[in-house]
Amino acid sequence: MSSTLDIGAIRAQFPILRQTVHGRRLAYLDNAATTQKPEAVLQAIDRYYRTSNANVHRAVHELAGRATTQYEAARDRIGAFVKVAREQVVFTRGTTEAINLVARSYLQPRLQPGDEVLLTGMEHHSNIVPWQLVGAKTVAAPVLDDGSLDLDAWKQRLSARTKLVAVAQISNTLGTINPIADIVAAAHARGVPVLVDGAQGIAHLRTDLTALDIDFYAFSSHKLYGPTGFGALVAKREHLEAMPPWHGGGDMIRTVAFEGSTWNDVPYKFEAGTPDIAGAIGCAAAIDWLDALDVERVAAHEHALLEYATEQLSRIPGLRLIGTAPHKAGILSFVMNGPHPQDIGSILDMEGVAIRTGHHCTMPLMQRFGVPATARASLAVYNDRDDIDQLVAALQKVRRLFA
Ligand SMILES: *Cc1c(COP(=O)(O)O)cnc(C)c1O
């Protein structure tokens, strides 16, 4: 299946990957932090600014019409990609802002003292702190030793006090793919809505939000081969209708008077001020690009590479992989006897290998595994065996330096 993707041809569409870093071929393995952008996305953004730049929704002139058409076409494109109607797509600055919007506008007005948000122990800080900021109690289900969610323990924590369930589709630290369908079924059986943090899932799993019956879904364009600073909250229409606006300003209103104002329809009532127009257009171009490759074929390629990398890393003495769930995506977190993850990252950088080191915005998970930090290599469609071989050779060098 994966053999049908020509990875060499795909790599060639990413100009940034052609460079050398510290005199070495660049092996970019920090895709869980952000992905690189293909020529098609760079061109879409460039073309927009060169030919169509104007503010949206306001003027009647030609450029404003073009900008508005392209901007709103992005809403159709995103809706079609995750299988929902365009009105369900609220543009945000990314996953973090989307979750904050749900916390402020959905949860806070409904919150009673003692109400809980049920999380997992592998959530990103973006899916922990917004709930705490509005006064909810955050309860986390435990993570098993292999990095899987303890689903039975999760179910035991689902109670009459649970106001919302929030869970990562894929853990950015462990690569674990969570059982979203089971979680939604159990939560809905108790009348509890579910937010899925799709920051890692969107580019690696085919996601049908309607079939999965997900209430809220948050994602970022920049982890999907699109530009930074853009993303969306995708939600059931009934929730959006019931939620008050959260940011006030232009575009989100129907009428404004000093006695009081009225709100625009969904999704516009959540989109105050001039939006990231080029961001929306770039994100739609990224989705076009990824869809043409087929997310499932991309996932198969990444999975084959994950298996290869897991086997190679397992052979390095003193290296411990953290996150070996049976159902996982292309993320490899590890620690080594001797060097701190920071040292690993610095030495790898000198070898042209870009990985991430640190807590990956998942401090509770670091505590769970008893490590202050990990080194993390994360895969995207343009990665190949040469990247993994370069990573492994660099790790052998680390080992020699710390022997
Ligand atoms: C990256 C990430 C986020 C935050 O995304 P932003 O683009 O920084 O808003 C949230 N959750 C997970 C799982 C992530 O990987």
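Residues numbered from 1 in each chain as written. Predicted model: local features only at pLDDT ≥ 70, side-chain atom pairs only at ≥ 80, totals over all residues. Heavy atoms only, no water.

Looking at an unreviewed UniProt entry, one finds the protein named Cysteine desulfurase and attributed to Sinimarinibacterium thermocellulolyticum. According to UniProt, the comment filed for the protein under the heading Cofactor (unreviewed entry) is "pyridoxal 5'-phosphate". Quoted verbatim from the Sequence similarities (unreviewed entry) heading of the UniProt record, the comment on the protein is "Belongs to the class-V pyridoxal-phosphate-dependent aminotransferase family. Csd subfamily." (UniProt positions renumbered as here; feature names shortened; annotations may be inferred.)

Asker: Please provide a residue-by-residue account of the nonpolar core, values included.
Answerer: Side chains of a nonpolar character, in soluble globular proteins, are inclined to be buried together. Counting 77 residues, the largest nonpolar core has W154 and Y225 as the members making the most contacts within it. Each of domain 1 (7–30 + 294–401) and domain 2 (42–292) gives at least three residues to this core. Filtering out sequence-adjacent residues up to four positions away, W154 remains in contact with L118, L119, A141, L149, V165, I183, A186 and A187. (Core = buried A, V, L, I, M, F, W, Y, C linked by side-chain atoms within 4.5 Å. Buried < 20%, exposed > 50% of the residue type's maximum accessible area, 1.4 Å probe, protein only. Domains from an automatic or database assignment. Contact = heavy atoms within 4.5 Å.)

Asker: How would you sum up the sheet that holds strand β6 (residues 137–141)? Please name residues and give values.
Answerer: Strand order across the open sheet formed by seven strands is β4-β10-β9-β8-β7-β5-β6, with mixed pairing between neighbours. This sheet does not close on itself; its edge strands, each paired only once, are β4 (89–92) and β6. Averaged over neighbouring strand pairs, the angle between their axes works out to 20° when direction is ignored. Pairing of strand β7 (residues 162–168) with strand β8 (residues 194–197), which is carried by four bridges, proceeds in the parallel orientation. (Pairing = 2+ DSSP bridges. Helix = DSSP H or I, 4+ residues; strand = E, 2+ residues; numbered from the N terminus. Axes fitted to C-alpha atoms, helices over the stretch in contact; angles between N-to-C directions.)

Asker: Give a detailed account of the pattern of salt bridges, specifying residues and quantitative values.
Answerer: Throughout the structure, instances matching the rule amount to 28 salt bridges. Two residues, R376 and D30, come together in a salt bridge whose shortest N-O distance is 3.6 Å. In this pair, R376 sits in strand β17 (residues 374–378) while D30 sits in the loop between β3 (27–28) and α2 (39–51), placing the two residues 346 residues apart along the sequence. Classification of D30 by relative accessible area gives buried; the value is 14%. A salt bridge links E72 to R75; the nearest nitrogen and oxygen atoms lie 2.8 Å apart. Of this pair, E72 and R75 both sit in helix α3 (residues 62–81), three residues apart, which is roughly one turn of that helix. Look at R75 and you get buried, because its relative accessible area is 0%. The structure contains a network of salt bridges with shared partners spanning E72, R75, D76, R86 and E271. (Salt bridge = Lys/Arg side-chain N within 4 Å of Asp/Glu carboxyl O.)

Asker: Outline the confidence of the model for the protein, supporting the account with residue identities and numerical values.
Answerer: In this model, the protein carries an average pLDDT of 97, and 99% of its residues clear a pLDDT of 70 or more. For the protein, the element scoring lowest by mean pLDDT is strand β11 (residues 253–255), at 94; β8 scores highest, at 99. (pLDDT = per-residue confidence, 0-100.)

Asker: Mind laying out the site of the ligand, listing which residues take part and the relevant values?
Answerer: In the vicinity of the ligand, the residues found are T95, T96, H124, S126, N172, D197, A199, Q200, S220, H222 and K223. Measuring from an oxygen atom of the ligand, one finds a side-chain N or O atom of H222 at 2.7 Å. Notes on the ligand: free accessible area 380 Å², of which the protein chains cover 85%. (Near = heavy atom within 4 Å. Polar contact = N/O pair within 3.5 Å; in protein donor to acceptor, adjacent residues only side chain to side chain. Areas by Shrake-Rupley, 256 points an atom, 1.4 Å probe, with all protein chains shown as cover.)

Asker: So, the domain arrangement of the protein: which residues are in play, and what are the values?
Answerer: With domains assigned, the protein is organised as domain 1 (7–30 + 294–401) and domain 2 (42–292). Placing a centre on the C-alpha atoms of domain 1 and another on those of domain 2 gives a separation of 28 Å. Each partner contributes to the interface: domain 1 provides 36 residues, whereas domain 2 provides 32 residues. Between domain 1 and domain 2 we count three salt bridges in total. A salt bridge links D294 to R206; its shortest N-O distance comes to 2.9 Å. Scanning the region where domain 1 abuts domain 2 turns up 21 residue pairs in polar contact (both at pLDDT 80 or more). Broken down by secondary-structure element, the contributors of at least two residues to the side of domain 1 that touches domain 2 are α11 (295–314), β14 (331–336) and α13 (363–369). Grouping the constituent residues of the side of domain 1 that touches domain 2 by class yields 21 nonpolar, eight polar and seven charged. (Nonpolar A, V, L, I, M, F, W, Y, C, P; charged D, E, K, R; others polar.)

Asker: Explain helix α10 (residues 277–293) to me, and be specific about the residues and the numbers.
Answerer: Between the first and last C-alpha of α10 there are 25 Å, a value that for 17 residues agrees with the 24 Å anticipated at 1.5 Å per step. Just beyond α10, the residue with positive phi is D294, at close to 85°. (Expected span 1.5 Å × (residues − 1).)

Asker: So what about the environment of D76? Which residues, and what values?
Answerer: Structurally, D76 is set in helix α3. On the accessibility criterion, D76 (38% relative accessible area) is partly exposed. Spatially, the C-alpha atoms of D76 and E87 are 8.7 Å apart, while their sequence positions differ by eleven residues.

Asker: Can you tell me about unusual backbone geometry, naming the residues and giving the values?
Answerer: Cis geometry is found at the peptide bond from V266 to P267, where omega equals 0°. Position of P267 among the secondary structure elements: in the loop between β12 (262–263) and α10. For H22, which is not glycine, the phi dihedral falls at a positive 50°. Under the relative-accessibility criterion, H22 is labelled partly exposed at 45%. At H360, a residue that is not glycine, the phi angle is positive and equals roughly 55°. For H360, the position within the fold is in the loop between β16 (356–358) and α13.

Asker: Describe α2, and please don't skip the residues or the numbers.
Answerer: The terminal C-alpha atoms of α2 lie 18 Å apart, and with 13 residues this matches the ideal 18 Å at 1.5 Å per residue to within 8%. Inspection of α2 places V41, A44, I45 and Y48 among the buried residues, and these make up the whole buried set. Along the long axis of α2, the arc covered by the buried residues comes to 90°, so they all point the same way. In this structure, the buried residues of α2 make contact with α3 and α10. (Arc of directions from axis to C-beta.)

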